[in-house]
Amino acid sequence: MTLIFSGNSFKYEVEAVAKLFFPGESFDFLYEQQFADGDVCIIRRKKCKNYSFCFVTAKLDGKRKRRCCKVKNNDTNYERLCEQTLCRLLFLCLKELTGISPPWGMLTGIRPVAFINKLIDNGMTKDEIKKSLSEDFFASTEKLDFAFEISDVQRPFLNPAKNSFSLYISIPFCPSRCSYCSFVSHSIESAGRLVPDYVEKLCEEISITAEIADKLGLVPDTVYIGGGTPTSLEAGQLFRIMEAAAKNFNLSGVREYTVEAGRADTITEEKLLAIKNAGATRISINPQTMNDDVLKAIGRKHTFEQFLDAYILARRLGFSNINMDLIAGLPTDTFESFKASVDKAIELNPESITVHTLTLKRSSNLFKDFGKVKDNPVEEMVSYSQKALKTAGYRPYYLYRQKNTLDNLENAGYSKKGYESLYNIFIMEEIQTILAVGAGASTKLVDFSKGNIKRVYNYKFPYEYISRFDNLMERKQEIIDFFKGVD
Ligand code: SF4
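Residues numbered from 1 in each chain as written. Predicted model: local features only at pLDDT ≥ 70, side-chain atom pairs only at ≥ 80, totals over all residues.

K.L.:
Can you walk me through the nonpolar core in this structure?
P.N.:
By size, the foremost hydrophobic cluster in this structure holds 124 residues, and its most contacted members are Ile-43, Leu-86, Leu-90 and Ile-285. When residues in this core are grouped by element, the largest group, eight residues, is from helix 2 (residues 78-98). Beyond its immediate stretch of four places on either side in the chain, Leu-86 contacts Asn-8, Phe-10, Val-14, Ile-43, Arg-45, Cys-54 and Val-56. (Core = buried A, V, L, I, M, F, W, Y, C linked by C-beta atoms within 7 Å. Buried ≥ 20, exposed ≤ 12 C-beta atoms within 10 Å, placed from the backbone. Helix = DSSP H or I, 4+ residues; strand = E, 2+ residues; numbered from the N terminus. Contact = placed C-beta atoms within 7 Å.)

K.L.:
What's the story with the pairing of strand 15 (residues 411-415) in this structure? I'm lost.
P.N.:
Regular strands place their side chains on alternate faces of the sheet. Counting buried residues along strand 15, five of its five residues qualify, which places the element largely inside the surrounding structure. Side chains Asn-411, Gly-413 and Ser-415 project from strand 15 onto one buried face, and the interleaved Ala-412 and Tyr-414 project onto a second face that is buried too. Examined bridge by bridge, strand 13 (residues 352-357) and strand 15 share four bridges and lie antiparallel to one another. Bridging across to strand 15, Ser-352 finds its partner in Ser-415. (Pairing = 2+ DSSP bridges.)

K.L.:
It is not clear to me how the environment of Thr-281 should be interpreted in this structure. Could you clarify?
P.N.:
Mapping Thr-281 onto the fold places it in the loop between helix 9 (269-277) and strand 11 (282-285). Among the residues examined, Thr-281 registers 17 C-beta atoms within 10 Å and is labelled partly exposed. C-alpha of Thr-281 to C-alpha of Ile-479: the two residues are 198 residues apart in sequence and 28 Å apart in space. In this view, Thr-281 contacts Glu-256, Tyr-257 and Asn-321; residues no more than four positions away in its chain are not counted.

K.L.:
Would you explain the sheet that holds strand 3 (residues 40-47) in this entry?
P.N.:
The strands making up a sheet are joined through hydrogen bonds of the backbone, oriented either antiparallel or parallel. Read from one edge of the open sheet, five strands run 2-1-3-4-5, paired in mixed fashion. Two strands lie at the open edges of the sheet, namely strand 2 (28-31) and strand 5 (63-72), each paired on one side alone. Strand-to-strand twist in this sheet, taken as the mean axis angle between neighbours without regard to direction, amounts to 15°. Where helix 1 (residues 11-21) meets the sheet, it contacts strand 1 (2-6), strand 2 and strand 3, and its direction lies at approximately 145° from that of strand 1. (Axes fitted to C-alpha atoms, helices over the stretch in contact; angles between N-to-C directions.)

K.L.:
Is there a simple way to explain the pairing of strand 13 in this structure?
P.N.:
For strand 13, the buried fraction is high: six of the six residues fall into the buried class. Bridge count between strand 12 (residues 322-328) and strand 13: six bridges; the pairing is parallel. Residue Ala-328 lies in a different strand from strand 13, and its bridge partner there is Thr-357. Handedness of the strand 12-helix 12 (residues 335-348)-strand 13 crossover: right-handed. (Right-handed = clockwise from strand over helix to strand, strands pointing away.)

K.L.:
Could you clarify how one ought to interpret the packing of helix 8 (residues 235-248) against helix 9 in this entry?
P.N.:
Axes are the key here: two packed helices are described by the angle between their axes and the distance separating the axes. Taken N-terminus to C-terminus, the directions of helix 8 and helix 9 make an angle of 10°; their axes are 9 Å apart at the nearest point. Taken together, the axes of helix 8 and helix 9 lie roughly parallel to each other. Contacts between helix 8 and helix 9 involve Ala-235, Leu-238 and Phe-239 from the former and Glu-270, Lys-271, Ala-274 and Ile-275 from the latter. Taken together, the residues of the contact of helix 8 with helix 9 sort by class into five nonpolar, no polar and two charged. (Parallel < 35°, antiparallel > 145°, perpendicular 65-115°, else oblique. Nonpolar A, V, L, I, M, F, W, Y, C, P; charged D, E, K, R; others polar.)

K.L.:
Can you help me understand the packing of helix 3 (residues 112-121) against helix 5 (residues 141-154) in this one?
P.N.:
Relative orientation of the contacting elements helix 3 and helix 5 amounts to 65°, with a least axis distance of 9 Å. Classified by the angle between their axes, helix 3 and helix 5 sit roughly perpendicular to one another. Judged by the twist between their axes, the crossing of helix 3 over helix 5 is right-handed. Across the interface between the two elements, Pro-112, Val-113, Ile-116, Asn-117 and Ile-120 from helix 3 touch Ala-147, Phe-148, Ile-150, Ser-151 and Gln-154 from helix 5. (Left-handed = near helix turned anticlockwise from the far one by under 90°.)

K.L.:
Help me understand unusual backbone geometry, please; the structure alone is not making it clear to me.
P.N.:
Note: most peptide bonds trans; most residues except glycine with negative phi. In this structure, the amide linkage connecting Gly-227 to the following residue, Gly-228, adopts the cis form with an omega of 15°. At Gln-288, a position not held by glycine, the phi torsion is positive, near 70°. Summarising the element assignment, Gln-288 is placed in the loop between strand 11 and helix 10 (292-297). A positive phi angle is found at Thr-332, which is not glycine, with a value near 70°.

K.L.:
I tried to follow the environment of Glu-205 on my own but got confused; where do I start?
P.N.:
Among the secondary structure elements, Glu-205 is positioned in helix 7 (residues 195-216). Considered as a pair, Glu-205 and Gly-438 are 233 residues apart in the sequence and their alpha carbons are 7.5 Å apart. The contacts of Glu-205, once residues within four sequence positions are left out, are Val-437 and Gly-438.

Here is the structure:
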């Protein structure tokens, strides 16, 4: 598919809309040309004195659709308005030509629930918001109702103390790489020799970050140790990191402390005890699927049985807040097998279950096999999980969307009442500062008074993190600078 731009260069947003209809496809971009062979969309804007004419022509398999609209120049957001208009025209042309109706419409690149929460805070009624999102963004009623349900569940948690923060600790190691993974995670086999130095530097960064938080009067509210797979480390290493957090920060007021135990092949009694004794209150044990063949197909080196053993062990050791992740659309999975995974998860009765939809990122091994998964019945799978989980008493409490997700669907976290993960809500709604440590981690600074958000990135790779640690710590000054002048 070729995208031709004439009188504009709204490439980013236009490409995002085109991708809704042609996931996994690469586009050619041409500027100020009239024609191109094959499938093509022409995005044209003609500026006149007080208005712009916006035209879109889309040609697909020899069929053609055309739409146009006039945009008056009486708005301060004139450029944005023209961009949105061209996107809308393109969306409508491609919807007609392909017969595809993306369930979230044009809501790409934004977090729907956060968007709704903001509109509610700005005084709009539910009906007004629904009307706007369905008419301007073409979102389906079903998805809007789902987003509103989540917004209602989230309301009581949307006011963390202004001087509070969440601490994120990154452990970017995994036992092996899952085929769908795009995360910068390193196999513990190949990168294992880096782990002792990594743990050393991580503890140092925890201490430096605690000094900064102290200086700024910031108080820890939640802690999240994620990855990767934190339980790839040895029990002693995990304990050491958690001990460093407990020694350097005052964790007495922390409301939630999560460790992503992640993969069953890394979980042992010794590690779970270390996690528990070091103060974690919530863990994730993520099967992704309960089907051994599917587990094999995605490159996870554990079985359903091993997952079950890990879960039973965690319960026996007294973990009373456990999350499980599932993914809809995995290679070789079928609707029946996915349904069985959801039913099994419900039967095991964890406090929360997160249902992701498979996302295909270029950096994943699975990307080249896009053709094998693109027709998986994800809509049916996701819809089943939604109904089954609600019937079983789980409430959806957070949601996020990613690019290149099969059928443009979503990832949603469900929990029993009282087990909503605060960290997950805060990170998605961007309503609390996150001080992040470790390779691949990104600190997110939130200034409520001006509505500003700033990110400070750590180096991605462990070897870089270790060798350029001093450089990295100099960047921490940005945290102090950001909060200067914040009320
Ligand atoms: S466990 Fe998670 S982070 Fe690790 S390779 Fe698999 S998907 Fe990636």
